[in-house]
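Below, each chain spelled out in residue letters.
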Amino acid sequence: MHGDSFHGEDNEFDWNSEDEREIENFTASSCSSLTIPSGEAVASSAEASSSAGSSGSKMIDHFIGMGFSERMVAEAIQEHGEENANLILETLLTYSERSSASSSGTKIIDHFVGMGFSEKMVAKAIQENGEENMDLILETLLTYSAIEEPPQKQANADSDNFSSECEGSFLDDFSDTDSFESEDITIFGSGGDDSLRSLIRMGYSPEDASIAIQRCGPDATIADLTEFIDVAQMAKAEDASFSADKPKPKNLDCGNSKQKKRSMLEYDMWKRKKQRLGDGFLDGDDEPLRLPNPMIGFGVPNELALVTQRSLPQAAIGPPYFYYENVALAPKGVWQTISLHLFEVEPEFVDSKYFCAAARKRGYVHNLPINNRYPLLPIPAHTIHEALPLTRRWWPSWDTRTQLNCLQTCVGSAKLTEKIRKAVEEYEGEPPLSVQKFVLDQCRKWNLVWVGRNKVAPLEPDEVEMLLGFPRNHTRGGGISRTDRYKSLGNSFQVDTVAYHLSVLKDLFPDGLNLLSLFSGIGGAEVALHRLGIRLKTVVSVEISEVNRNILRCWWEQTNQTGNLIDIPDIQQLDAERLEELMNAFGAFDLVVGGSPCNNLAGSNRHHRDGLDGKESSLFYDYCRVLNLVMSMAARHF
């Protein structure tokens, strides 16, 4: 709590209570003196017996008996002398009125400080709005809180308390999530002005908010606007023509093998695309890829399929099959680049809210058949109350969420949930709209659910496992902390979604398949294939995280897999020689699955705004390198 004192218009007035400002030298047993205008000292010791002292003492006792404090009486006598008792009384009444105002102001400050707001912030809100309207003060405080103190990652969270404290920017956490993904989010009021205020309260700058409203339209939902801002912020060069970003072989003789391979690959793909699209491509006629709405890809269960057949480029026809995943809300040009490097196969964009109770907008580039898909059974819950039935009892009517947003790698803090509890419990009925909006904004950001009267809480790791389609306790035990569980789950596949796409392999490989799993994570693809009943003959898993490798190894053993599991920690180790060795030992790979890190692409998982050129996301080019090697080597096996 800040120690800044609050000063109103009367800078001489002391806001401390009278009890805290009592002066001991006015007690009956003290040996102090009171100075009066004549300059004479009135003795208060037992030996003082002058008439002036006796008169002053009696007057002090007289007004103290009326309920005024000894200090206040002494100040009034010092100001007016002892002659005019009526003037002294009038002054005391004035002092008392001011003291009452001071006590009231102190109580208001204490009230809001107890709700978790800083003393400095409360004082500022009272100064701006006065003390009369408590709701207006609270609304102002919530606005201050959204702008000045949005949540961020808890930098040094221990294993049992991994959370994001409400200080700093919540976009700095380690999640691959797309913020505010729920399409149910609506703005309060109508028009761009209300949207602008809402975005500013969420912590976005007025400039970013204004541009988003201008580009998306004044009727766009808050979800659309925040997604636009998140994506636009990471574009390295917005509205730049492709010719300005023309990849060029650079420093090819510097000895950096990885950079050399990547630069050559980029340049080759750029030439191929130029040949296909002609000169208009260089003039900036390459239109940005537009995400579908609804985001159901080539079809989802219980929805009419938008695409029933497609033709693949000859070079992309399997086997072997490949399946690549990443966040849908990437900067301009990223998905065109991904598609171009993956044999110009059209991406399939799917939101996992059609498969479970949580949104997860992802793009998938693959050469799998798209007919005769089928979902995993049993069909998972599609709403919050179906997935978490115990929350229904406590869920307030004004929280209209039916599904959760994208599951993140970190969770809301205890400080945040306590602030929400205090904000809501101040009202016997429904809280005012300003409080509802604050609470709902935080609940949507952090996927908080109602677990008691006025109590919200983050999801538990086992609940996240269930929502993502993993078996219970998939990430539990073996020395794995809660921090690591949240992080690993937040970066994983949604199993039901992936299984729906991979289900076509069941009939193609009745005896099982060989899987090359790049950037395996906690084994989302492996779990999906196992749940589909497809035998895993050999799995070569490439995963840099030891925690994730241990999780996958533990699952492999617990499910009594009969095939071979080979761990490789670094994709740089997977060169042509190693691939040849593996394929000679176990046969050709039937499926190459991967989802390279999205840290430089979109959502709150970004570390830097470098797109596919970023340190983490550039591993996509290693996926392409390995896939090209597998495709060329497989020609000798199939």
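Residues numbered from 1 in each chain as written. Predicted model: local features only at pLDDT ≥ 70, side-chain atom pairs only at ≥ 80, totals over all residues. Heavy atoms only, no water.

The name that an unreviewed UniProt entry assigns to the protein chain is DNA (cytosine-5-)-methyltransferase, with the source organism given as Rhizophora mucronata. According to its UniProt record, the protein chain has this under Subcellular location (unreviewed entry): "Nucleus". Looking at the protein chain in UniProt, the text filed under Sequence similarities (unreviewed entry) is "Belongs to the class I-like SAM-binding methyltransferase superfamily. C5-methyltransferase family." (UniProt positions renumbered as here; feature names shortened; annotations may be inferred.)

**Student:** I tried to follow the overall build of the protein chain on my own but got confused; where do I start?
**Tutor:** Within the protein chain, the secondary structure is distributed over 21 helices and 11 strands. For the protein chain, the exposed area adds up to about 29,900 Å²; of that, 47% sits on carbon and sulfur atoms. (Helix = DSSP H or I, 4+ residues; strand = E, 2+ residues; numbered from the N terminus. Areas by Shrake-Rupley, 256 points an atom, 1.4 Å probe, with all protein chains shown as cover.)

**Student:** So what exactly am I meant to see when it comes to unusual backbone geometry here?
**Tutor:** For residues that are not glycine, phi is negative in most cases, and the peptide bond is trans in most cases. The peptide bond linking Gly318 to Pro319 adopts the cis configuration, its omega dihedral lying at 5 degrees. Relative to the helices and strands, Pro319 is located in the loop between helix 9 (257-277) and strand 3 (321-327). Across the junction of Pro319 and Pro320, the peptide omega takes the value 0 degrees, indicating a cis bond. Tracing the chain through its elements places Pro320 in the loop between helix 9 and strand 3. Phi is positive for Asn372, which is not a glycine, with a value near 65 degrees. What makes Asn372 exposed here is its relative accessible area of 71%. (Buried < 20%, exposed > 50% of the residue type's maximum accessible area, 1.4 Å probe, protein only.)

**Student:** Just to check I follow, could you spell out the side chain of Ser434 for this structure?
**Tutor:** Counting through the fold element by element, Ser434 comes out in helix 13 (residues 433-446). With a relative accessible area of 19%, Ser434 lands in the buried category. Residues within four places of Ser434 in sequence aside, it is in contact with Glu139 and Leu142. (Contact = heavy atoms within 4.5 Å.)

**Student:** Teacher, can you tell me more about the pairing of strand 3 here?
**Tutor:** Burial runs high along strand 3: seven of the seven residues are buried. Alignment of strand 3 against strand 11 (residues 591-594), held across four bridges, turns out to be parallel. Across the sheet, the residue bridging to Tyr323 is Val593, located in strand 11. Here strand 3 pairs with strand 5 (residues 361-366) via five bridges, running antiparallel. Bridging from a neighbouring strand, Val327 pairs with Arg362 of strand 5. (Pairing = 2+ DSSP bridges.)

**Student:** Would you mind going over the pairing of strand 6 (residues 449-452) with me for this structure?
**Tutor:** Every other side chain in a regular strand lies on the same face of the sheet, so the side chains alternate between the two faces. Across three bridges, the pairing between strand 6 and strand 7 (residues 455-457) is antiparallel. Pairing of Trp450 across the sheet is with Val456, part of strand 7. Between strand 6 and strand 7, which pair antiparallel in sequence order, lie two residues; one of them, Asn454, sits at a positive phi of approximately 60 degrees.

**Student:** So what exactly am I meant to see when it comes to helix 21 (residues 620-634) here?
**Tutor:** One turn of the α-helix equals 3.6 residues, which is why residues spaced by three or four share an orientation. For helix 21, with 15 residues, the first-to-last C-alpha span of 21 Å sits near the 21 Å given by 1.5 Å per residue. For helix 21, a buried count of 12 out of 15 residues is recorded, marking the element as mostly surrounded by other parts of the structure. Turning to helix 21, its buried residues are Phe620, Tyr621, Asp622, Tyr623, Cys624, Arg625, Val626, Leu627, Val630, Met631, Met633 and Ala634. (Expected span 1.5 Å × (residues − 1).)

**Student:** Is there a simple way to think about empty space enclosed by the protein in this case?
**Tutor:** Remark: the empty space left among the atoms is shown by a probe the size of a water molecule rolled over them. Following the criterion strictly, the structure yields six cavities of 30 Å³ or more and no others. In this structure, the second largest cavity occupies an estimated 90 Å³ of space. Lining the second largest cavity are Leu407, Gln408, Cys410, Val411, Trp446, Asn447, Pro458, Leu459, Val464 and Tyr486. Tallied by class, residues from the lining of the second largest cavity come to eight nonpolar, two polar and no charged. (1 Å grid on protein atoms, 1.4 Å probe; cavity = no way out; pocket = protein on both sides within 12 Å on 5 of 7 lines; lining within 4 Å. Points joined across faces, edges and corners; volume = space filled by probe spheres on them. Nonpolar A, V, L, I, M, F, W, Y, C, P; charged D, E, K, R; others polar.)

**Student:** Help me understand the sheet that holds strand 11, please; the structure alone is not making it clear to me.
**Tutor:** What links the strands of a sheet is backbone hydrogen bonding, and the strands pair in either a parallel or an antiparallel sense. Spatially, the seven strands line up as an open sheet ordered 4-5-3-11-8-9-10, and their pairing is mixed. Strand pairing shows two members of the sheet lacking a second neighbour, strand 4 (348-351) and strand 10 (564-568), which therefore form its edges. Across the sheet, the axes of successive neighbouring strands diverge by a mean angle of 20 degrees, strand direction being ignored. Note: strand 4 against strand 5, four bridges, orientation antiparallel. Within the sheet, the bridge partner assigned to Glu348 lies in strand 5 and is Tyr364. Along the sheet face, helix 18 (residues 524-531) touches strand 8 (513-518), strand 9 (536-542) and strand 11 and points at about 155 degrees away from the line of strand 8. (Axes fitted to C-alpha atoms, helices over the stretch in contact; angles between N-to-C directions.)

**Student:** Help me understand the environment of Phe349 in this model?
**Tutor:** Within the secondary structure layout, Phe349 lies in strand 4. We classify Phe349 as buried; its relative accessible area is 5%. As a C-alpha pair, Phe349 and Leu329 span 20 residues in sequence and 9.9 Å in three-dimensional space.

**Student:** Can you help me understand the nonpolar core in this one?
**Tutor:** Across soluble globular proteins, you tend to see nonpolar side chains buried next to one another. Ranked by internal contacts, the top residues of the largest apolar core, which has 85 residues, are Phe112, Phe117, Val439, Leu502, Leu505, Leu529 and Leu591. It is helix 13 that provides the largest number of residues to this core, a total of six residues. The contacts of Leu591, once residues within four sequence positions are left out, are Tyr321, Phe322, Tyr323, Leu502, Leu505, Asn514, Leu515, Leu516 and Leu529. (Core = buried A, V, L, I, M, F, W, Y, C linked by side-chain atoms within 4.5 Å.)

**Student:** Hey, could you run me through the environment of Gly116 in this one?
**Tutor:** Structurally, the position occupied by Gly116 is in the loop between helix 3 (85-114) and helix 4 (119-129). On a C-alpha basis, the gap between Gly116 and Lys422 in space is 8.1 Å, while along the polypeptide they are 306 residues apart.

**Student:** Which parts of the structure should I look at to understand the packing of aromatic side chains?
**Tutor:** What characterises a pair of aromatic rings is the spacing of the ring centres plus the angle enclosed by the ring planes. In total, this model carries 10 aromatic pairs according to the counting rule given. These aromatic residues form a ring-pair network of at least three members: Tyr324, Phe620, Tyr621 and Tyr623. (Phe/Tyr/Trp six-rings, centres within 6.5 Å; stacked < 30°, edge-to-face > 60°.)

**Student:** Whenever I open this one, the pattern of salt bridges confuses me. Can you help?
**Tutor:** Between side chains of opposite charge, pairing is possible as soon as their charged atoms come close. The tally for this structure, following the rule as stated, stands at 12 salt bridges. Notably, a salt bridge pairs Arg485 with Glu465, separated by 3.2 Å at the nearest N-O pair. Taken together, the positions of Arg485 in helix 15 (residues 482-490) and Glu465 in helix 14 (residues 461-468) put the pair 20 residues apart, joining distant regions of the chain. Taking the relative accessible area as the measure of exposure, Arg485 reaches 9% and is therefore buried. Members of the salt-bridge network, linked through shared partners, are Glu418, Arg421 and Glu425. (Salt bridge = Lys/Arg side-chain N within 4 Å of Asp/Glu carboxyl O.)

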